[in-house]
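What follows is each chain in one-letter form.
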Amino acid sequence: MIVCKKCFIGVQAEKYGEMIEKCAAAIPEKDRADVPERQRRIALCEGCEFFTAATCRACGCYVELRAMKKATHCPKKKW
């Protein structure tokens, strides 16, 4: 189970993709980072000591969703 450390919501791994897609669909296109930027951000997160099973231990977010939003940033200032 993947658990958000901030809100304590657990998501079964097989349902994770569905949940991400549903949440991503709620982000207006104009507010989304482009695909190369998202991939860059996610790669940086995956190499970070705070990354755990798709979430960030520093803030509790789902990394894919944080990386998708144009105006967000890493809580540890890595991107």
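Above this note sits the structure.
Because the structure is predicted, anything quoted here is derived from the model rather than measured.

Student: Hey, could you go over the overall build of the chain for me, with residue numbers and the actual values?
Tutor: Helices and strands together make up the secondary structure of the chain, namely three helices and four strands. Counting helices and strands in the order they occur from the N terminus, the chain gives β-β-α-α-β-β-α. Taken over 79 residues, the chain has a buried fraction of 33%. With an accessible surface of roughly 5,100 Å², the chain has 58% of that area assigned to carbon and sulfur atoms.

Student: Hey, could you go over unusual backbone geometry for me, with residue numbers and the actual values?
Tutor: Located in the positive-phi region is Ala53, a residue other than glycine, with phi close to 40°. Phi is positive for Lys77, which is not a glycine, with a value near 60°. The topology assignment puts Lys77 in the segment after α3 (63-68).

Student: Any chance you could break down the pattern of salt bridges for me, citing the residues and the numbers?
Tutor: Inspection of the entire model under this criterion finds five salt bridges. With a closest N to O distance of 2.9 Å, Arg41 and Glu37 form a salt bridge. A residue pair is termed a helical-turn pair when its members lie 3 or 4 positions apart in one helix, as Arg41 and Glu37 do in helix α2 (residues 35-46) at four residues. Assessed through its relative accessible area of 7%, Arg41 is described here as buried. Taking the shortest distance from any N to any O, the salt bridge between Glu49 and Lys78 comes out at 3.1 Å. In this pair, Glu49 sits in the loop between α2 and β3 (51-52) while Lys78 sits in the segment after α3, placing the two residues 29 residues apart along the sequence. Via salt bridges that share partners, Glu37, Arg40 and Arg41 belong to a single interconnected network.

About the cut-offs
- Counting of residues starts from 1 at the beginning of each chain's written sequence and follows it residue by residue.
- The model is predicted, so local features are restricted to residues of pLDDT at least 70 and side-chain atom pairs to those at 80 or more, both for listing and for counting; the totals for chains, interfaces and linings are taken over all residues.
- Values shown for side chains rest on all heavy atoms present in the structure; no hydrogens or waters enter the calculation.
- Working definition: helices are DSSP H or I runs of at least four residues, strands are E runs of at least two. Numbering for both runs from the N terminus.
- Exposed residues in this analysis have more than 50% of their type's maximum accessible area, buried residues have under 20%, and partly exposed residues fall in between, with area computed by a 1.4 Å probe over protein chains only.
- Computed with the Shrake-Rupley method and a 1.4 Å probe, the accessible areas treat only the protein chains shown as cover for residues.
- Salt bridge, as applied in this entry: a Lys or Arg side-chain nitrogen positioned within 4 Å of an Asp or Glu carboxyl oxygen.

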